[in-house]
Amino acid sequence: MSDVVEKTLTALPSLLSLDSQPGSAKLSTNSKLGSLIRGITELTSKHEEEKLIQRELSSIKEQVSSPNTTMRQMKELMVRTIYCEMLGYEATFSYIHAIKLAQQGNVLEKRVGYLAVSLFLNESHELLLLLVNTVLKDLQSTNLIEVCMALTVVSQMFPKDMIPAILPLVEEKLNHSKEIIRRKAVLALYKFYLIAPNQVQHIHNRFRKALCDKDPGVMSASLHIYLQLIQENPESYKDLTASFVTILKQVVAGKLPMDFNYHSVPAPWLQIQLLRILSLLGKSDQSTSEVMYEILDESLRRAEMNHNITYAILYECVKCIYTIHPKSELLEKAAKVIGNFVLSQRINLKYLGLKALTYVVHQDPRLALQHQMTIIECLDHPDVIIKRETLELLFRITNDQNVTVIVEKMLDFMSINKEDHTTADLVGKVAELAEKYAPDNEWFVETMNTVFSVGGDTLQPDIPNSFLKLLSEGFDDEEENKKLRLFAVNSYISLLQGEPSKLPQRFLQAICWVLGEYSHLREDVEPDLVLRLLVKLLNIKSTSSETKSWILMAMTKLCSGGAPLSVPLEVSETYSSSMDTMLRQRAQELQYLSQNPELQARVLPRGVSQEPMEVDSSLSFLDGFVSEALAAGAAPYKPPHQRQEELSRSKALSLEPYGLSLPISMSSCSIADRQSPTLLSVSSGLSGDRTDHSHKGGSTTLKLDGVRRVWGKEGYLAQRESAEETAPVEAPSPLQPLVQQGDGDASYSQTPTPIPECEQEKQQLASSLFVGLASQSSVCLMGKSEQTSQRFRRKLKDPAASFPSSTQNPLVSPPSSVGHLLLDSSISSDLISSPEQTHLSSVDLTVANGEVELPDRDMKGIKSTLLREDSALAAGSSPHEELDRPKDSCLTSHLPAELSGLPHSEITPLCTSPSLDLSSCHVQKDDSLVLLVFMKSSSDYDIQQIQVQVTCEELEVSCVCDSPVEELKSHGVVVCQYFLTVKSPSVYFVLSGMMSHQIPDNSLQETQFSHRIPLTSFLRPLRLSTEEYGTMWLAFSHDTKQNLPLMMDAEEPLTATLKVLKDKLQLHVVEIIGNEGIVACCLRQDQPCLLHCRVHAGMLAVWLRSPIPELPDCLLYHCQRALQES
Amino acid sequence: MLISSLFMRMSLTTHSFLSSFHSHLCFVISSFQMQFMLLFSRQGKLRLQKWYVPLSDKEKKKITRELVQTVLARKPKMCSFLEWRDLKIVYKRYASLYFCCATEGQDNELITLEIIHRYVELLDKYFGSVCELDIIFNFEKAYFILDEFLLGGEAQETSKKNVLKAIEQADLLQEVRGLTILMRRQTQTHVYTSRLPQTSQSC
């Protein structure tokens, strides 16, 4: 192969420069592009190239704008422009001409025009709008090639807002006689689905037709759409499982035309796509999974050829087998495949093997054990990517026994790695592991020090936050806490005595906080020494002003003990004239507090445990000031949205029936640019908008939970039980001694051949890495596991018990910390930064959050069920799907008589215990919602003392009878009623409950369950007159705007859309005038929400207002859903 | 005791709902779609670029520069996969040309590798023993073929015959078709132009 390369290299210049050679003559002289390329090749410097291209571009510019240029010349010019752009030179002037070429040229010129457009522009480019007409024309063309080109460009980019314009034409193409057109139309619809899912909601059954298309190309194109759809909602496509299995069967059996084969493997891409779909369908669903076992087995069997493509299929099969409901026979085969991958000499396969191992290791830790030696070899692999993947695998198998070794390996890797993204990722993982499994204080502090210094300023901001939180909250053992803090202080003092200028700012900030809070723990060190260290830090040039204010804060805390005042005085003097207002503020505080020990002691109490602070977020202490100002004639405060509205009202004549005008901007407002008031309130922090009080609470709690934590509290150890149950480990022979090591050294000495030294090292490493993974033996070996693993777990506290710096006192916290901590950690978690998700985050904030950690797997499990409305799930155990329907129908007869006439939801199973089945449904009464819990005995004996408790943070739950059910006859049914009213709205309310009952041997059995109710169940129509609506509208302060899809196919789109909303959400349509409609609803009589709907540009612009802050956002979510579903 | 455990339980479920709601949305955005494809020479010259995600010119240039550097620095026996930022890069060298694709982390890298290979096969069939020069001088053709094979980052048509049929149909209308054929023949007879090895499957 290198020969070939050499030849090419020598051939290149000669080809380009020597005209005597026949080939090159044709290539280079016949076209202007050729001469351009040749010209560039002859150049020697980058500078010359730049000059040449600029010359070329200006000549092109001149020609394209000349009226005499024919389309044919234009095509040639465009090709050259593409070339220049590819070299990295901008040619924006040509974009409009590319569109013109696509518009006016003949087929060939058009083709180049479209190509140029697709290369130059992207989805959001404004010039793309000019292309819409051309596309429309070409879609209607009788020339197939033109239609193809139009569809091709549409599937690559199309302005989202213009989709409705061409959608009918594209849909029509699904019935075209040519398969290539059908295929492209399917892909265009796929593209539409990706960028604007609600636009193509109505053509779902067309996709089914495409799936059944006789042309395999069309069928496989439709799979792209299905993969997406099923990813989002696997439940609604379960019925297609059999069809997908049949298709895969046919493909595997080679029933497709030969030209779909790739290296004699039948349609591999199609196979992989189908396997992906099947794994989504079969995930935690036994009956669906059973349908596919046979074909998976067949696929594994068929893919035996030694070629990359078969390995790709095998990999997908393995992933599928481990995702769906497990079958031991298949798992065994899959494990073997993974083994082959990992042991393969081919590096690409090895990589994929490691990746598969990482994927499956939490299900089957034995696999990691089997391959421990390979894994260790991979740790020292010369290729970084292999190392990286190995670390990822190790991260997954970390427990409290191997944590030190694994973290060491990770830190080693970081020291040689130069790539920021990887470092940031690994640093986060190390911090997570350290927090979860740290064996002792020294190790923890030192590891965190490394994390901070290596991570530098790429560090995720939540790492220092949670570190400080851990230090301040501590553990249950006071003595331990003190030791940890003291150790941190010691380590930081020595760090500052070294060369602090090299430490990253985030680290310095953390150091300052710790020293300020805890340096008094070290009695032998004078505060003066610490103060001087901090001053030294202040004087370093590279210290940022943010860090400086942390330093000043630390100084303020240190000055309390009657220390010599000269240092802080000097410092505060210097900074009280600083240009930075924050620094100035801190300096003033330092000056004032250091001179006033009494106040100091009150503001900064020392040694007080971190009780939750009462924060007066309504700023009531300013009331006096405000009333004074008002008395002096100041204007009263108005929230921003009110101001804006007044502004717009004063601008235009009001023609609306209830006296308001919509700002013009509303029509163009979409999901992306919408600013919800909830968000505003959070980001504006202490703006003094009192009504938003509750959100602030919400946001503080939000930031507290480790959102990124996919591992449960138990860490990897949770898996140990299952590992114990499994059969003895079948390790390859050289590993035998290792596995048995825990039983004693006897087997070690029995090893017949002496092990070479390096082997021994590796084996030692293996034993330290894989300890705690396999069997009890290794657990006993270390003995202390349980105790240590407890150590660094955070105490579960009331979420409001907030974070270290700002809780103690609003004054104490460094200036930035309120803003910074709040913003950085609560909001920054990707919510606000990405515009698409903005509306989500506001929904999110309305729900108070607890401290939550869920293992990754659980969340996935829940996800599928969550997509169904009202789905019930038994917490802790898998959903009980075997509860069959007939039971439910018989439960209906147990509905209490007074409720039987009212509409009730479907009866869903809640949970099952050995002797008792719980189901529930809710009944809508006019003024409230009643939750019914049916308890059905399935045992042969009577059950006593059944008690069911239901709670929900956002709901008021009152039980009709509080006393426990004394006795439930065998196979009898008892019904409990609960009245629910909304305390604070949320998109869904999750009720959690606990059922306990006595079983015959008098022991108490407890089962937990949860039940989900959408907000819609609480909605009631609010009957109003237009006048009343008008007055209410002006009185409400919380609003939200968004564009929703309109039912375009109806005769009167507005009326039809509002009717859907009315029917589905129980809204009351007050009045419809022209293209506007007003709608009202309420939760309780005092919780109304008003909607103003207006048809604009094919969309329904909805403006919601309510006195309840969260309600508009929640309701909007359901409106969106209701319209999408219909 | 009971109440506090209930409280914990409840917050647990609330949160799980929210986070799964998020991951659900993230799923919509993430797909198995290819992010972009780059072709560059051993000297680091870009020969073809196709972006399936909207990015600014500045970002594109930055990515291209960094990626070309990273890939060129890798030794021949190394893994064909590469983690780069949060993307997975799959690359393969054919003679003097590097083919480089970026996908999201969860995709199956081997199949991406085979997509590259199929594209090379298509080029080879169309140009008849394709070499780098064919792609340099007829890059627009290479784009046309790519667009027939991959559309919007997804495999559109995997049948070699069908892809080429579509291209040829469009080509039929070309007035200068004679020239193209002539040019292709010239390339074929040229001894120095190397073929892109298509049978080698070494990893």
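Conventions and cut-offs
Residues numbered from 1 in each chain as written. Chains lettered and ligands numbered in written order. Predicted model: local features only at pLDDT ≥ 70, side-chain atom pairs only at ≥ 80, totals over all residues. Heavy atoms only, no water. Core = buried A, V, L, I, M, F, W, Y, C linked by side-chain atoms within 4.5 Å. Buried < 20%, exposed > 50% of the residue type's maximum accessible area, 1.4 Å probe, protein only. Contact = heavy atoms within 4.5 Å. Axes fitted to C-alpha atoms, helices over the stretch in contact; angles between N-to-C directions. Helix = DSSP H or I, 4+ residues; strand = E, 2+ residues; numbered from the N terminus. Parallel < 35°, antiparallel > 145°, perpendicular 65-115°, else oblique. Left-handed = near helix turned anticlockwise from the far one by under 90°. Nonpolar A, V, L, I, M, F, W, Y, C, P; charged D, E, K, R; others polar. Polar contact = N/O pair within 3.5 Å; in protein donor to acceptor, adjacent residues only side chain to side chain. Pairing = 2+ DSSP bridges. pLDDT = per-residue confidence, 0-100. Expected span 1.5 Å × (residues − 1). Arc of directions from axis to C-beta. Phe/Tyr/Trp six-rings, centres within 6.5 Å; stacked < 30°, edge-to-face > 60°. Lys NZ or Arg CZ within 6 Å of the ring centre and 35° of its normal.

Concerning the nonpolar core
Next, step 1: Core analysis: the largest hydrophobic core is formed by 289 residues, its most contacted members being Tyr83, Phe192, Tyr226, Phe244, Leu534 and Met555 of chain A together with Tyr119 of chain B.
Next, step 2: Leaving out residues up to four positions away in the same chain, Tyr226 of chain A has contacts with His204, Phe207, Arg208, Leu211, Tyr237, Leu240, Phe244 and Ile277 of chain A.
Next, step 3: Ranked by size, the runner-up nonpolar core spans 56 residues in total, among them Leu910, Cys911, Met935 and Met1047 of chain A.

Some points on the packing of helix α19 (residues 347-360) of chain A against helix α22 (residues 384-396) of chain A
All names here are of chain A.
Next, step 1: Where α19 meets α22, the closest approach of the two axes is 9 Å, and the angle between their N-to-C directions is 15 degrees. With respect to each other, α19 and α22 are oriented roughly parallel. Every pair of crossing elements has a handedness; the one defined by α19 and α22 is left-handed. Here α19 contributes Ile347, Tyr351, Leu354, Lys355, Leu357 and Thr358 to the contact with α22, which in turn contributes Ile385, Ile386, Glu389, Thr390, Glu392, Leu393 and Arg396.
Next, step 2: Per-class residue counts for the contact of α19 with α22 are seven nonpolar, two polar and four charged.

Describing the side chain of Glu157 of chain B
Next, step 1: In this structure, Glu157 of chain B sits in the loop between β7 (154-155) and α6 (160-172).
Next, step 2: Within the structure, the side chain of Glu157 of chain B is placed 2.2 Å from the side chain of Arg183 of chain A, a separation counted as a polar contact.
Next, step 3: Once residues within four sequence positions are removed from consideration, Glu157 of chain B is found in contact with Arg183, Gly217 and Phe260 of chain A together with Glu148, Phe149, Asn162 and Val163 of chain B.

Quick notes on the sheet that holds strand β5 (residues 97-104) of chain B
Residue and element names in this part refer to chain B.
Next, step 1: Across the sheet, five strands lie side by side as β2-β1-β5-β4-β3; this open sheet has antiparallel pairing. Since the sheet does not close on itself, it has two edges, and those belong to β2 (46-51) and β3 (81-84), each with one partner. Between one strand axis and the next, the sheet turns by 20 degrees as a mean value, whatever way the strands run.
Next, step 2: Bridge analysis of strand β4 (residues 87-94) against β5 gives eight bridges, and the strand direction is antiparallel. Residue pairing in the sheet places Lys92 in a bridge with Phe99 of β5.

Looking at the confidence of the model for chain B
Residue and element names in this part refer to chain B.
Next, step 1: For chain B, the average pLDDT comes to 73, and 68% of its residues sit at 70 or higher.
Next, step 2: Low pLDDT, under 50, characterises residues 1-30; the stretch is placed with 69 contacts to residues that sit more than four places away or in other chains.
Next, step 3: The low-confidence segment residues 175-203 (pLDDT under 50) makes 61 contacts with residues lying over four places distant or belonging to another chain.
Next, step 4: Confidence estimates for the predicted assembly give a pTM of 0.61 and an ipTM of 0.77.

So, helix α4 (residues 46-65) of chain A
An α-helical segment advances 3.6 residues per turn. Residues three or four places apart therefore align on the same side.
Residues and elements named next belong to chain A.
Next, step 1: The end-to-end C-alpha distance of α4, which contains 20 residues, comes to 28 Å, matching closely the 28 Å that a straight helix rising 1.5 Å per residue would cover.
Next, step 2: Those residues of α4 that fall on the buried side of the exposure criterion are Glu49, Leu52, Ile53, Glu56, Leu57, Ile60 and Val64. Seen end-on, α4 carries its buried residues on one side only, within an arc spanning 135 degrees. Exposed and oriented more than 90 degrees from the buried face of α4 are His47, Lys51, Arg55, Glu62 and Ser65.
Next, step 3: Summarising the contacts, the buried residues of α4 are in contact with α3 (32-42), α5 (71-86) and α6 (95-104).

Here we look at the packing of aromatic side chains
All names here are of chain A.
Next, step 1: With the rule as written, the count across this model stands at 24 aromatic pairs over all chains.
Next, step 2: Considering the side-chain rings of Tyr95 and Phe120, the 4.9 Å spacing of their centres and the 25 degrees angle between planes classify their relative orientation as stacked. Of this pair, Tyr95 sits in helix α6 while Phe120 sits in helix α7 (residues 107-120); the two residues are 25 residues apart in sequence, bridging distant segments of the chain. Each of the two residues, Tyr95 as well as Phe120, counts as buried.
Next, step 3: The ring of Tyr359 carries the charged tip of Lys319 above its face, separated from the ring centre by 5.1 Å.
Next, step 4: One cation-aromatic arrangement involves Lys429 over Phe395; the distance from NZ or CZ to the ring centre is 5.2 Å.

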